[in-house]
Amino acid sequence: MSDSYLEKQNKHQVYLSRLAGGILKDEVYPAINSAYRAARLAIADYGDINSLQDLNRVNRAVTQAINEQLSEGFTAATTSMSAIAANEAAYQAAALGVMSDTVLSVPSESKINKYVRESIMTLESGSRTNAAVWADYVKGYESSMSRQYNAIITSAYSESLNTGKMATLNQLSQRFRALNNDILARDAETLIRTGVQHYAQQASNLMVQDNLDIIDREIPVVTFDSRTSDICMSISAKYPKGWTVGKSPIGYPAWHYNCRSRVLPLLKGQTELEGTRSVNGADGGSQIDAKTPFGRWLRNQPKDFVVETLGKERADLFLSGKLSLANLTDKYLNPLPISKLKLID
């Protein structure tokens, strides 16, 4: 039996995740390593750090070296993401074309690139909201790496004022490597995976705008497993029928860092998804009816799985019927603490 529209989309999401992994492996991680080597070289070229003036000059040189290497890597990554966006528009048009027996219009690659490049990515992170174009997120990462390298050098200089001995290049390098492995690699992965999701969604949105004669609704689709965020669970519960095309009250994915959700178009006459969908519950992967709400599926899982998904207090409230998943966030998609959850009497 051939896959349903939703199941094809689920498999396609896995494919996008693999593409993001390839960008990290081939372009971003090598750039981080090159930036590390360039920073080492900048310090070695300068020599001893004996004053604040020396410190400031070394930090500026390290910042420049890091930015140059990261810029090259992220430029290559962005080019790859642009190619993903162009392919995404074509893929989504073809997927809808199969269902409607119609050839849909696909925007030009240049139009897609301009649209995605200028689109705002709004991400919820705890109680903070970040909103910027992709290029600004990249600049933020570059600034973060150079700032943290500078902090390591500055800290070592401060220690030398007490000990009378500045850390060696090898000692500084050990701290740099620990930073790369513990924080910078993880942050890069988060940024790239979120960016790929954003690029793919925006390309799909543009394709939809070119085919409004056969598309009139959109619906959010979240991943069914224990890692699904409070934000995405609440969205799924609040908007089970989606909304009129182009009228999303909550914007479009990515909704938060590492978001795996998508907004899919529906053909005229459709009000919900049909067929089956993949889920990954306590017993592993399986298929369920595409119309099954996340909350109903979660309620049928063992309590330990529900606790893993929601945390113990929220799980107890949910299983007792006092908490709707729609109330996990406020109207701005900010996750709510236990004390502010709206409970069902």
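Calculation notes
Residues numbered from 1 in each chain as written. Predicted model: local features only at pLDDT ≥ 70, side-chain atom pairs only at ≥ 80, totals over all residues. Heavy atoms only, no water. Helix = DSSP H or I, 4+ residues; strand = E, 2+ residues; numbered from the N terminus. Buried < 20%, exposed > 50% of the residue type's maximum accessible area, 1.4 Å probe, protein only. Contact = heavy atoms within 4.5 Å. Pairing = 2+ DSSP bridges. Axes fitted to C-alpha atoms, helices over the stretch in contact; angles between N-to-C directions. Salt bridge = Lys/Arg side-chain N within 4 Å of Asp/Glu carboxyl O.

Caption draft 1: Representation of the environment of Pro 265. Within the element layout of this structure, Pro 265 appears in strand β5 (residues 262-267). For Pro 265, a relative accessible area of 1% gives the class buried. Expressed as a C-alpha distance, the spacing of Pro 265 and Lys 303, which sit 38 residues apart in the sequence, is 34 Å. Residues within four places of Pro 265 in sequence aside, it is in contact with Tyr 5, Leu 96, Val 208, Ile 215, Arg 217 and Glu 218.

Caption draft 2: Highlighting the sheet that holds strand β3 (residues 215-221). The antiparallel open sheet is built from three strands, whose spatial order is β4-β3-β5. Looking at strand neighbours, the two that pair on one side only are β4 (243-244) and β5, the edges of this open sheet. Both β3 and β5 contribute to a ladder of six bridges, which runs antiparallel. Each residue of the ladder has a partner; that of Ile 219, found in β5, is Leu 264. Together, β3 and β5 form the strand contacts of helix α1 (residues 5-46), whose direction differs from that of β5 by roughly 150 degrees.

Caption draft 3: Layout of the pattern of salt bridges. What the rule picks out here adds up to eleven salt bridges. Between Lys 114 and Glu 118 there is a salt bridge, with the nearest N and O atoms lying 3.2 Å from each other. Here the residue Lys 114 and the residue Glu 118 both occupy positions in helix α3 (residues 109-118), the gap between them amounting to four residues, near one helical turn. Using a relative accessible area of 47% as the deciding quantity, one classes Glu 118 as partly exposed. The closest approach of N and O atoms between Asp 316 and Lys 312, which form a salt bridge, is 2.9 Å. Remark: Lys 312 and Asp 316 occur in helix α9 (residues 312-319); sequence separation between them is four residues, near one turn of the helix. Here Asp 316 falls in the partly exposed class, since its relative accessible area comes to 29%. By relative accessible area, Lys 312 is classed as exposed at 54%.

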